[in-house]
Every structure is written in C-alpha cells, then in structure tokens.
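Chain and residue survey
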Amino acid sequence: MIKMKNLTLGYKKEVILKDVNIKIKKGEFIGIIGPSGAGKSTLLMAITGGIKVFDGKFEVLDYDLHNIKKKNLRKLREQIGVIFQGYNLVDRLSVLDNVISGMLKEIPLTRAILKFYKKKELKKAKEFMDIVDMSKYSLKRCDELSGGQRQRVAIARALAAQPKIILADEPVSALDPKSAKKVMTILKKVNETYGVTVIANLHHIEYAKEYCTRVIGVNDGLIVFDDKCENLSDEIIDKIYTTNN
C-alpha cells in the first residue's frame, strides 16, 4: 500500500527525513515512535501528499507522490482518514452529525446541511458509532463529551469515509490512561474488523508494544528501527530516544 525508497522529505528547502526505506502492507497496525522533533509527524503526514519530496521513490495506493496531479491527490486523500490529537470535530453538532460528515463524498451538501439522511446512511453511521461505543450518545453535542469520547467520535467519522488507511497523529497523548487505552483498543478493533491499515504516532512506548503489529523508530530524521514489537528491546529504545541535544 505504501512504498518509500531512498526517500528524502521536508518543507521548502529544509530536509526533515532522509534515506527513508519503508514498505507498509494492507492491514498492518504500525506505531511510529521517537523523540519530539525527530520527524514522526512529517513521516505520517507525508502519506497524505502534504510534504515535499526532494528525492527518492514514494508511492501510496499506487499513486506516485513525487509527481502527483491535484486531481489524483484529491482521489488519494479520499481514501485516507486522519485522526488528530485535537479531534477536529464540529463541537456544536451532535455525535451523529459529526459521524455522517465523514460521508460527504456520498451525501449531497444540501442534504447534509438540512440533516436529511437516508436510512442506509443512518444504518452505516450507527455501525460506526457502535464500534467506537458511542451510539448511546448519538444525539449529544460533541462539546458536551469528554476528550476520550470525542476521540472515539473522530475515529467513527474517519471510518464513515470508508478509508483504506487511517493516520492517527498522537491520538491519545492528551487523554488519561483509561481513556487512552480504550481509544487504542478501538483503533485495534477497527484495524482487525475492517482490514484498514492504521499508522499512529505514539508517545507511549507501552501502547506501541501492546497494540501495534510493527514499530518504526525515528531519530534525528532517520529511521533507526523498523521491526516487530517483540524485537523492541531496551537497548533499541535507548538508541531511538538518544538525542545529540
């Protein structure tokens, strides 16, 4: 699904990641770990085509991101769901409305504004709310929810777009441990139930070990580890998090 070969990425003229060689298959649950400023978010968001490619080969869902046209970039992004640390929900709208907003490529904007939903759309929305355990709050405004509940709504909304890939940018860093574990459990459930490839930036190594099938370690713009979680030893963790600052 994703191929990076001898890839160099960055912003304007600044190189952030260099000599990146990664292949990601359908259905993997990948955790990206490393110190702040190492390039984790750059690596994650590059998959949406939002980061400059300086050199190397970069393919996502068979699209060449080195020379992608705007039309194809739009098509690519329609197949990628993104979950942010700050949730990015419309707070004044209900859980149901936020989830259905993920279906806007299928629902005409006028109908969405009028909240005129068809039975099949409501059925799908309930399915996604069920999997994140938020159906009982379907008519509640999102600004009345806890942080963990809001993040679960964000996952349901991302699912509603029926993506092939879900990117989660530090999805649990702002949550208490109990809420964080529930969100990680739901992401794992989504990964296994729908076969969606999930790639998450994580601050907590223990979550990467517990929930991910594979871990990528980033340090100072380089990939210093890429392997199964069980091979993530204390020595390697020290290598990932050792900085020159």
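Structure first, text after, so check above.
It should be emphasised that the depicted structure is a prediction, and the values quoted were computed from it without experimental measurement.

1. Side note on the sheet that holds strand β1 (residues 2–11)
Spatially, four strands are ordered β2-β1-β4-β5 in an open sheet, and the strand pairing comes out antiparallel. The open sheet has two free edges, formed respectively by β2 (14–24) and β5 (63–64), since each of these has just one partner strand. Summarising the sheet, β1 and strand β4 (residues 52–60) pair through seven bridges and their orientation is antiparallel. Each bridged residue has a counterpart across the sheet, and for Ile2 the counterpart in β4 is Val60.

2. Considerations on the packing of helix α6 (residues 147–160) against helix α7 (residues 177–194)
Where α6 meets α7, the axes come as close as 9 Å, and the angle between the chain directions of the two elements is 15 degrees. Taken together, the axes of α6 and α7 lie roughly parallel to each other. In this structure, the crossing between α6 and α7 has a hand that is right-handed. In this structure, α6 uses Gly148, Gln151, Arg152, Ile155 and Leu159 to contact α7, whose residues at the interface are Ser179, Lys182, Val183, Ile186, Leu187, Val190 and Tyr194. Its residues assigned to classes, the contact of α6 with α7 shows seven nonpolar, three polar and two charged.

3. Remarks on the pairing of strand β10 (residues 222–227)
As defined by bridge partners, strand β9 (residues 214–219) adjoins β10 across five bridges and the pair is classed as antiparallel. When the sheet's bridge partners are listed, Val218 is paired in β10 with Ile223. Taking the residues between adjacent antiparallel strands as the criterion, β9 and β10 are bridged by two residues, where Asp220 takes a positive phi near 55 degrees.

4. Digging into the sheet that holds strand β6 (residues 80–84)
Strand order in the open sheet formed by six strands is β6-β7-β8-β3-β9-β10, with mixed pairing between adjacent strands. Lying at the two open borders of the sheet, with one neighbouring strand each, are β6 and β10. Strand after strand, the sheet turns through a mean of 15 degrees between neighbouring axes, direction not considered. Relative to strand β8 (residues 197–201), strand β3 (residues 29–33) runs parallel, the two being bridged by four bridges. When the bridges of β8 are listed, Phe29 appears paired with Val198. Packed onto the sheet, α7 meets β3, β6, β7 (165–169) and β8 and runs at close to 140 degrees relative to β3.

What counts, and at which threshold
- Residues numbered from 1 in each chain as written.
- Predicted model: local features only at pLDDT ≥ 70, side-chain atom pairs only at ≥ 80, totals over all residues.
- Heavy atoms only, no water.
- Pairing = 2+ DSSP bridges.
- Helix = DSSP H or I, 4+ residues; strand = E, 2+ residues; numbered from the N terminus.
- Axes fitted to C-alpha atoms, helices over the stretch in contact; angles between N-to-C directions.
- Parallel < 35°, antiparallel > 145°, perpendicular 65-115°, else oblique.
- Left-handed = near helix turned anticlockwise from the far one by under 90°.
- Contact = heavy atoms within 4.5 Å.
- Nonpolar A, V, L, I, M, F, W, Y, C, P; charged D, E, K, R; others polar.

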